[in-house]
Amino acid sequence: MEGRELLAGAARAATYNMALQLGIRVMTFILNGVVLRYISKELLGVVNVRLTLLYTTTLFIATESFDQACLSKIENKDWKQVVNLMWLTFPMSILVCVFFGFVWMYGLERPDPESIPYYGFGVLCFCLNTVITTLARPHFIVGQCHLFNRLRVVSVAVSEFARCVISAFLVIYFPQWGIISFAIGQLICSIVYTGIYYAVFYLLIKKKDVDKSFVFQSVRDFFPSILPDKSFIDWRLAALTGSFFKQSIFKQLLTEGEKYIMTIFGVLNFGDQGFYDIIDNTGVVFRELDDSLQYFFYPALQRGSPLTSQPPDTIDLVTSVLQHLLKTVTLIGCIILVFGQSYAFLALDLYGGSLLSSGAGPLLLRWYCLYVLVLAVNGITECFFFSIMSKEQIDSYNNKMLLFSVILLVSSLFLTQHFGSVGFVLANCINMMCRILHSVYFIHNYYLGSRYQPLKGFLPSFAVLGSLVISYCVTAFSEYNLCCKSGNLYNLLHIVIGGVCLLAVLVTIVISERDLVHFVTTQLWGRKIGKTN
């Protein structure tokens, strides 16, 4: 029973993380809306695409392979060795930042210093942001594996809130600082994030609020230590880290592929990059689904073991989570796709005025709604796939990820020449659908011959599909007849019509998807399942 409670707690942790990512993206979305009134799209493009890409690239390469290896469920895991291995992310981050910082400074086209000054200072600060964040990586992994759910939520939420508030304040009152305002916000974010982890574990130790088996018994345990009767690190985890490192390179290329193409090939100017980033923020929460769900799937499933070797209680819950989450994100994606078609123009116009709603903006957002759907499905199927692969399967899959990367690169370059920024969305849709087909094929074979069928029934019911079709027709008719007329009253009426249609869809889901509603309310939001910290 204890194992099932831990798994339920892990499922809730994944839910909290998805809610956290949604909250962060809302804050970022609001921040972009505020600063757009004080800075240019070009500066926003440099910060949110060029410099943010530097941070995500360095942090991902320095930590992702270590995270996946240390989160994996293996026998006789020694937490002292895990802490030692995770501390290798610190020197790794320095090496990665030096390399990519040099590339960002001298290998890429630099912005015009007259209109966008202090670019070099921004590169330095965003690299320091990565190095400071890795100082808390051992604490982060220990916390995740022991289901310190609220710690992760609070640390990220508080640090991101501090970043948004400080950046917005500096941009509003010191607009001449440009990149410096965002760089200071990033540094404060990483310092607050790391400080929270150290403070929380320090207070736990001082209060003696941990049992004797917990890895941190003193402040000294926060740092690497020599183990007299064991090797410094677990070489099984080290071998997994090496396999995941090659995979993480391709995964990062596939995740941020369009931004690399923008940055390296310069197919869009900085202003268009800033606009694309604003649209892209609407789907990032689904892009990070695999990051959220790895805290559930990775500790639950024995890596490299067939279905018959997994504990029955574990596979029951894991399969149920897989099936119901697939249906949940499919429903959310379909709702976004349907209502996004009729409200793309109005949303952009209310958010940024004619600066965003004119030109190709609404068309880009409409296509992006389709991307959100395939993005969400891929996040779940691929995370499950990654959690059960053996080391040999990981090495084999790396070659396939190279193929996916080539598909993304070629399709992006070709489609952007014909469709502009919309081409990036179409290329990503093609790439995601290829990856979904591969993951679905693997999952089908994994469950073949068993009583489980997680891929069957994750599609919405006919009643829900019918309500979505009717909603699309009603809202499209409303947009055509109301949004062509100017005035806030017409816009408000269009919004009310959409709200009524959305409510009708949600009621249909509650009535026709009772099994899904029961699962969400009992397994993810239930108060008596699993212990959280």
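Our subject is the structure that appears above.
All values derive from a computational prediction rather than experimental measurement. (Residues numbered from 1 in each chain as written. Predicted model: local features only at pLDDT ≥ 70, side-chain atom pairs only at ≥ 80, totals over all residues. Heavy atoms only, no water.)

S.K.: What should I look at first to understand the side chain of N431 in this one?
M.R.: Residue position: N431 is located in helix α18 (residues 421-447). By relative accessible area, which is 0% here, N431 ends up buried. Those residues in contact with N431 that sit more than four places away from it in its chain are L254, F404 and L408. (Helix = DSSP H or I, 4+ residues; strand = E, 2+ residues; numbered from the N terminus. Buried < 20%, exposed > 50% of the residue type's maximum accessible area, 1.4 Å probe, protein only. Contact = heavy atoms within 4.5 Å.)

S.K.: How should I be thinking about the pattern of salt bridges in this particular structure?
M.R.: Pairing between side chains of opposite charge can happen when their charged atoms approach one another. Summed over the entire model, instances satisfying the criterion amount to ten salt bridges. A salt bridge links K259 to E256, with the nearest nitrogen and oxygen atoms 3.9 Å apart. The pair formed by K259 and E256 is uniform in burial state, with each residue classed as buried. (Salt bridge = Lys/Arg side-chain N within 4 Å of Asp/Glu carboxyl O.)

S.K.: Which parts of the structure should I look at to understand a nonpolar patch on the surface?
M.R.: Together, I264, F265, V267, L402, V406, L409 and V410 give the surface a local cluster of nonpolar side chains, amounting to about 600 Å² of exposed area. Within the residue set of the nonpolar patch, elements represented by two or more residues are α10 (257-265) and α17 (391-419). If one sorts the elements of the nonpolar patch by residue count, α17 sits on top with four residues. Counting through the fold element by element, L409 comes out in helix α17. Accessibility expressed as a relative area gives 34% for L409, which makes it partly exposed. (Patch = residues over 30% accessible without salt bridge, like charges linked within 9 Å, V, L, I, M, F, W, Y side chains within 5 Å. Areas by Shrake-Rupley, 256 points an atom, 1.4 Å probe, with all protein chains shown as cover.)

S.K.: Explain the packing of helix α2 (residues 41-71) against helix α5 (residues 119-134) here, please?
M.R.: Angle between the axes and distance between the axes are the two parameters that describe a pair of packed helices. As a packed pair, α2 and α5 sit with axes 9 Å apart at the nearest point and diverge in direction by 30 degrees. As the angle between them shows, α2 and α5 are arranged roughly parallel. Handedness of the crossing formed by α2 with α5: right-handed. Within the contact between the two elements, α2 uses V46, V47, R50, L51, T52, L54, Y55, T58, L59 and T63 and α5 uses Y119, G122, V123, F126, C127, N129, T130, T133 and T134. Split by residue class, the contact of α2 with α5 holds ten nonpolar, eight polar and one charged. (Axes fitted to C-alpha atoms, helices over the stretch in contact; angles between N-to-C directions. Parallel < 35°, antiparallel > 145°, perpendicular 65-115°, else oblique. Left-handed = near helix turned anticlockwise from the far one by under 90°. Nonpolar A, V, L, I, M, F, W, Y, C, P; charged D, E, K, R; others polar.)

S.K.: Just checking my understanding: could you explain the packing of aromatic side chains for this structure?
M.R.: Geometry of an aromatic ring pair is reported as the spacing of the ring centres plus the angle between the planes. This structure, assessed with the given rule, holds 26 aromatic pairs. Here F99 and F100 contribute two aromatic rings whose centre-to-centre distance is 5.0 Å and whose plane-to-plane angle is 85 degrees, an arrangement assigned as edge-to-face. Between F386 and Y397, the aromatic rings sit 5.6 Å apart at their centres with planes inclined by 65 degrees, giving edge-to-face as the arrangement. One end of the pair, F386, is in helix α16 (residues 361-388); the other, Y397, is in helix α17, and eleven residues separate them in sequence. Each member of the pair, F386 as well as Y397, carries the same accessibility label: buried. By way of ring pairs, the aromatic residues W87, F90, F148, Y198, F201, F216, F222 and F223 are connected into one cluster. The ring centre of F140 lies 4.4 Å from the NZ or CZ of R137, which sits over that ring. (Phe/Tyr/Trp six-rings, centres within 6.5 Å; stacked < 30°, edge-to-face > 60°. Lys NZ or Arg CZ within 6 Å of the ring centre and 35° of its normal.)

Read these as spatial facts, not as claims about activity.
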